[in-house]
Amino acid sequence: MPTCDIPKQAPYNILIVGAGLGGLATAIALRKKGHNVHVLEGAPALGEVGAGIQIPPNSTRLLEAWGLKDALMKKIVWPKAINMRRYDTGAVIGITPLDPTMQKAYGYPYWLIHRADYQQILCDAAIAEGAKVTFGAYVLDCDQDNVTVTLANGEVLSADLIIGADGISPLQCAKRNANAPYPGIKSRVREFAVMPEEIVEPRTTTNCAYRATVPGELMRADPELKKLIEEPYSNCWIGYRRHIMAYPIREGQLYNLVMSHPGAAAVGKWNEPGNLDEMKAHYAGWDPILDKVLDKVKACLKWKLADLPVLSRWVSRSGKVVLIGDAAHAMVPYLAQGAAQAIEDAATLAECISRTRSTDDFGAVLRVFQLIRKPRCEKIQKGSMENGDIWHMPDGPEQVARDADMKITMDLLAAEAAGIPTEKLAKTGKSNPNRWSDEEFQPWLFGHDAVAHANAQLDLLLKL
Ligand SMILES: Cc1cc2nc3c(=O)[nH]c(=O)nc-3n(C[C@H](O)[C@H](O)[C@H](O)COP(=O)(O)OP(=O)(O)OC[C@H]3O[C@@H](n4cnc5c(N)ncnc54)[C@H](O)[C@@H]3O)c2cc1C
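No experiment lies behind these values; they were computed from the predicted model shown.

1. Comments concerning the UniProt feature "transmembrane region" (unreviewed entry) in the chain
- Mapped onto the present numbering, the UniProt feature "transmembrane region" (unreviewed entry) falls on residues 12-30.
- In residues 12-30, helix accounts for 53% and strand for 26%; the two terminal C-alpha atoms are 10 Å from one another.

Structural data, given as structure tokens:
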């Protein structure tokens, strides 16, 4: 048999397209298994795009296992709870307790961080583990049969496996890299290698998000705003078609705001400047404390909220190219799970690749990866969209009923604080409509152990 027909044994040569949170996490997970990993990022460097991001326990479990706890602890804020507030008065209508509730319930904490710090920590860790990360390497084309990518500079790179972690939108890197042609709003790996015969368009919602930060010293200078930046809480004001999720990041150096509102913007353009007057007008008549906060915002970014439809597959016909993260399952941010799911993908994929004896096994094992991950991600995509509908109700009987049901967790906390055994409370038979606190959805979401689940499923499915 000629040498080229001998199936390759691990360690494999793996190309990852995209150094977002998903691509970098995958690089770490695969390096930990000993594979040769090269990450190709179109942007010339890591940037400060975006602001705060929430890291839920289903991610912190994996990040700790990868040895990143110490690095992250230097950059995170550890919030006590998420307070859901009525948009106009600021009255607390629901609570999701986080610290120490999450550690007690799921074994791992819930953190807040600046996205740039998170990405830098993952990038440093990937490089320290031995991954090669090349910036300014914009992938123009991906060939699923020859297992190659072609870069914008004409260079062709080959691998045993290609992972498309190129997100819902490659626009940010195209904008920053003058040599890269305008790429459209698709993942190139998905478009050219995984689903070449289908056109996948993101599903735009009617909402956009403004993102802004206020310097901590400006917040501290106002006695009323001081508590927002100094107390480690997330606050989420909810009203008709709008919400503002706000929390401190970078040890209180910045107050982070994500403001969802009905509006128009280019899909996937992560850094379009927003108009400040327009931004304030969206929240006119809201809790007066927000007027004060928004007055301190000097610039904001705006982008259209969109998700992906359910894809027919994540793995190429050749079985040598696979999608992860937003390229496979972009979701709206109403459960703050997009990056968390990309991190779960990374851990799961590394376990799957470990079960191969040679590159010949990739097709079967990647299809198992898809079987493991797709239903969970699709349920979270759907849950995220539904949670937005629950938050964005107009005032009226439905909203009154929602608020009454959202009080459930507050009543339990009050009972606990008063020393009343919670099992003695009358059962309402209702669950918290806010998915973050729903007694079935929350443990399913936050308690997930991607590595244990992957191995249990691999044991089962590879026997069939
Ligand atoms: C307003 C908002 C708030 C959010 N909040 C949270 C939150 O609190 N928690 C959470 O878990 N998630 C949150 N998310 C979701 C999260 O941001 C995304 O799900 C996550 O960033 C996806 O990571 P990714 O690596 O898959 O894709 P991306 O972050 O999009 O990274 C893709 C990378 O690939 C590069 N790239 C693209 N095309 C090419 C190419 N052809 N060649 C080379 N490189 C390329 C891009 O430059 C980019 O660096 C939020 C999203 C939004 C919009």
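2. Details of the pattern of salt bridges
- The final tally for this structure, using the stated rule, is 25 salt bridges.
- Its salt-bridge partner being Glu351, residue Lys33 comes within 2.9 Å of it at the nearest N-O pair. Taken together, the residues Lys33 in the loop between helix H1 (21-32) and strand E2 (36-40) and Glu351 in helix H13 (residues 338-354) connect sequence positions 318 residues apart.
- Exposure remark for Glu351: the relative accessible area of 11% places this residue in the buried category.
- The shortest N-O distance in the salt bridge between Arg313 and Glu197 comes to 2.4 Å. Of the two residues, Arg313 is situated in the loop between strand E17 (300-307) and strand E18 (321-323) and Glu197 in the loop between helix H7 (188-194) and strand E12 (203-215); the sequence distance between them amounts to 116 residues.
- Judged by relative accessible area, which is 22%, Arg313 ranks as partly exposed.
- When salt bridges with common partners are traced through the structure, they connect Glu344, Asp345, Arg373 and Arg376 into a single cluster.

3. Here's the deal with the packing of aromatic side chains
- Following the criterion strictly, the structure yields 11 aromatic pairs and no others.
- With a centroid separation of 5.4 Å and 55° between ring planes, the pair formed by Tyr87 and Trp286 is classed as tilted. Of the two residues, Tyr87 is situated in the loop between strand E4 (81-86) and strand E5 (92-97) and Trp286 in the loop between helix H10 (276-282) and helix H11 (288-295); the sequence distance between them amounts to 199 residues. You'll find Tyr87 and Trp286 in the same group, each marked buried.
- Between the aromatic rings of Tyr283 and Trp286, the centroid separation amounts to 5.0 Å while the plane-to-plane angle is 90°, which identifies the pairing as edge-to-face.
- Pairwise contacts between aromatic rings join Tyr106, Tyr110, Tyr334, Trp391, Trp436 and Phe446 into one cluster.
- The ring centre of Trp444 lies 4.3 Å from the NZ or CZ of Lys379, which sits over that ring.
- Of note, Arg435 hangs over the ring of Phe441, and the distance from its end group to the ring centre comes to 5.8 Å.

Basis of the calculations
Residues numbered from 1 in each chain as written. Predicted model: local features only at pLDDT ≥ 70, side-chain atom pairs only at ≥ 80, totals over all residues. Heavy atoms only, no water. UniProt positions renumbered as here; feature names shortened; annotations may be inferred. Helix = DSSP H or I, 4+ residues; strand = E, 2+ residues; numbered from the N terminus. Salt bridge = Lys/Arg side-chain N within 4 Å of Asp/Glu carboxyl O. Buried < 20%, exposed > 50% of the residue type's maximum accessible area, 1.4 Å probe, protein only. Phe/Tyr/Trp six-rings, centres within 6.5 Å; stacked < 30°, edge-to-face > 60°. Lys NZ or Arg CZ within 6 Å of the ring centre and 35° of its normal.

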